[in-house]
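Chain by chain, the residues:
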Amino acid sequence: MTTEMQEIAITEDKPLLTGQADTTKDAELAARILLDQGQEHSVETPHGVLHVTLHGTRTTRRPAILTFHDVGLDSKSCFSPLFKFEEMQEIVKNFTLIHIDAPGQEEGAAAYPAGYQYPSMETISEMIPAVLQFFNFRTVIGVGVGAGAYILARFALTNPDAVEGLVLINIDTNARGWIDWAAQKLSSVTSSLTEQILCHLFSQELSSSTDLVQSYRERISKAPNLSNMELLWKSYNSRRDLIFDRNSAFKCPVMLVVGDHAPYEDAAVECNSKMDPTTTSFLKMADAGGLPQLTQPAKLTEAFKYFIQGMGYMASSCMTRLSRSRTTSLSSSYSMDGSRSRSRTLSQGSQGGQMPPSPSQTMEVSC
């Protein structure tokens, strides 16, 4: 009898509807692949078509996280390491991600014909409202790097009601001066386009020729749309000054991020000096190089999480392993209603565990 019972048990362990089970697994796999790769869209704007990739559901109860990449990159190469980072998933599952590629910069983009008039930085920023309208989002949290940071900053200044927060990495709000213009002209003669862009993206990593630099050197030099990259590069170098000061700055919380000794470290510091200190955080990351979202995703994820919590979202989010040693210091910089109570400088090189300073002081916090 025991043997018979065992045989019956073995028989019952087998699925009765194998076809249905296989179909369910295939559907789940397809859903995971779609979520990972995103949904690609071509969005018509008053100034041309933008390639946009959407991740997650289109729930409009919260703002979308809208990203804009730097020169020499596209949305995937610029942001995938950050938004696919394990501890970032807690944020990703709560927000819709909208990744915008600058005109002609997406993977597989056809080269523009000779003489094509590429849009200015200002014009590209004017294309963003059409993207929000396409996906029915009223507000966004912007995350931009380099040229993308400049574009999102200009968009926020002209559309303050559409932006709830900004994370600006390696931003330079100034137009090219005469010295910069002359240096760029000389560089265009003595250096290839690939090397010019690499000098824009990286800092000390160039001298040591790290694996990261080598991979991006190969990616840029062999890009089928290299001529399109050159057009964006020229457009960025022709940018105009962003005019603002502490009395007429951004109407939303802003986190400025720059790597220690990064190419745009001085520009980011200058930008911080013109910001409203009650709504601005400044994060200077050690050992981050020119692209902290690629080299230090853990530290940037943690800072981003606190930034979102300061806006009133994800209040019950759990701590990351990097934050437990400085919970008191960081939480003191936010008011109970989620609004920012004072400005902070988040320095990766300072010592953690210190007592919160008075409201008039700048806070130094280590990661």
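Looking up the protein chain in an unreviewed UniProt entry gives the name Protein NDRG2, with the organism given as Astatotilapia calliptera. Among the UniProt annotations of the protein chain, the heading Function (unreviewed entry) holds the following wording: "Contributes to the regulation of the Wnt signaling pathway. Down-regulates CTNNB1-mediated transcriptional activation of target genes. May be involved in neuron differentiation." The record in UniProt for the protein chain states the following under Sequence similarities (unreviewed entry): "Belongs to the NDRG family."

A. Seen up close, the overall build of the protein chain. Looking only at helices and strands, the protein chain features 16 helices and 10 strands. Considering only intrachain contacts with a sequence separation of at least 6, the fraction spanning at least 24 residues in the protein chain is 71%. Split by element, the accessible area of the protein chain, about 17900 Å² in all, is 53% carbon and sulfur.

B. Spatial organisation of the packing of aromatic side chains. Enumeration over the complete set of coordinates arrives at seven aromatic pairs. Their ring planes at 5° and their centres at 4.0 Å tell us that Tyr112 and Tyr116 sit as a pair that is stacked. A relative accessible area of 33% means that Tyr116 is categorised as partly exposed. Note on Phe134 and Phe135: the rings are 4.9 Å apart at their centroids and 85° apart in plane angle, and the pair reads as edge-to-face. Accessibility expressed as a relative area gives 38% for Phe134, which makes it partly exposed. Taking the ring centre of Tyr236 as reference, the NZ or CZ of Arg239 above it sits at 4.1 Å. Geometry around Phe244 places Lys274 over its ring, the cationic atom sitting 5.1 Å from the centre.

C. Local environment of the pairing of strand β6 (residues 163-169). Burial within β6 is extensive, with six of its seven residues counted as buried. As judged from the six bridges shared by strand β5 (residues 140-145) and β6, these two strands associate in the parallel manner. Across the sheet, Val140 pairs through a bridge with Val163, a residue of β6. Tracing the backbone out of β5, into helix α7 (residues 147-158) and back to the parallel element β6 gives a crossover that is right-handed.

D. Examining the nonpolar core more closely. Among the nonpolar cores identified, the biggest contains 95 residues, and Phe83, Ile98, Ile100, Ile128, Leu166, Phe250 and Phe304 are the most heavily contacted of them. When residues in this core are grouped by element, the largest group, eight residues, is from α7. Ignoring any residue separated from it by four or fewer positions in sequence, one finds Ile128 in contact with Leu66, Phe68, Ile100, Ile151, Leu152 and Phe155.

E. Local environment of the environment of Gln293. Its place among the elements puts Gln293 in helix α14 (residues 292-295). Along the backbone, Gln293 and Val145 are 148 residues apart, and their C-alpha atoms lie at a distance of 8.9 Å. Filtering out sequence-adjacent residues up to four positions away, Gln293 remains in contact with Cys78, Pro81, Leu82, Val145, Ile169 and Leu300. A polar side-chain atom of Gln293 sits 3.3 Å from the main-chain carbonyl oxygen of Cys78.

F. Quick peek at helix α11 (residues 211-221). Every buried residue belonging to α11 is among Val213, Tyr216, Arg217 and Ile220, and all of these are buried. Around the axis of α11, the buried residues are gathered within 110° of arc, so they sit on the same side.

G. View of the packing of helix α3 (residues 75-83) against helix α15 (residues 297-310). It is at 9 Å that the axes of α3 and α15 come closest, and there the two elements cross at 75°. In this view, α3 runs roughly perpendicular relative to α15, as classed from their interaxial angle. Along the contact surface, α3 presents Pro81, Leu82 and Phe83, while α15 presents Pro297, Leu300, Thr301 and Phe304.

H. Broad picture of the packing of helix α9 (residues 193-201) against α11. Running from N to C, α9 and α11 point in directions that differ by 140°, and their axes come no closer than 10 Å. By the criterion of interaxial angle, the relationship of α9 to α11 is oblique. Here α9 runs over α11; the crossing is right-handed. Of the residues in α11, those touching α9 at Thr194, Glu195, Ile197, Leu198 and Leu201 are Val213, Tyr216, Arg217, Ile220 and Ser221. Here the residues of the contact of α9 with α11 sort into six nonpolar, two polar and two charged.

Parameters at a glance
Residues numbered from 1 in each chain as written. Predicted model: local features only at pLDDT ≥ 70, side-chain atom pairs only at ≥ 80, totals over all residues. Heavy atoms only, no water. UniProt positions renumbered as here; feature names shortened; annotations may be inferred. Helix = DSSP H or I, 4+ residues; strand = E, 2+ residues; numbered from the N terminus. Contact = heavy atoms within 4.5 Å. Areas by Shrake-Rupley, 256 points an atom, 1.4 Å probe, with all protein chains shown as cover. Phe/Tyr/Trp six-rings, centres within 6.5 Å; stacked < 30°, edge-to-face > 60°. Buried < 20%, exposed > 50% of the residue type's maximum accessible area, 1.4 Å probe, protein only. Lys NZ or Arg CZ within 6 Å of the ring centre and 35° of its normal. Pairing = 2+ DSSP bridges. Right-handed = clockwise from strand over helix to strand, strands pointing away. Core = buried A, V, L, I, M, F, W, Y, C linked by side-chain atoms within 4.5 Å. Polar contact = N/O pair within 3.5 Å; in protein donor to acceptor, adjacent residues only side chain to side chain. Arc of directions from axis to C-beta. Axes fitted to C-alpha atoms, helices over the stretch in contact; angles between N-to-C directions. Parallel < 35°, antiparallel > 145°, perpendicular 65-115°, else oblique. Left-handed = near helix turned anticlockwise from the far one by under 90°. Nonpolar A, V, L, I, M, F, W, Y, C, P; charged D, E, K, R; others polar.

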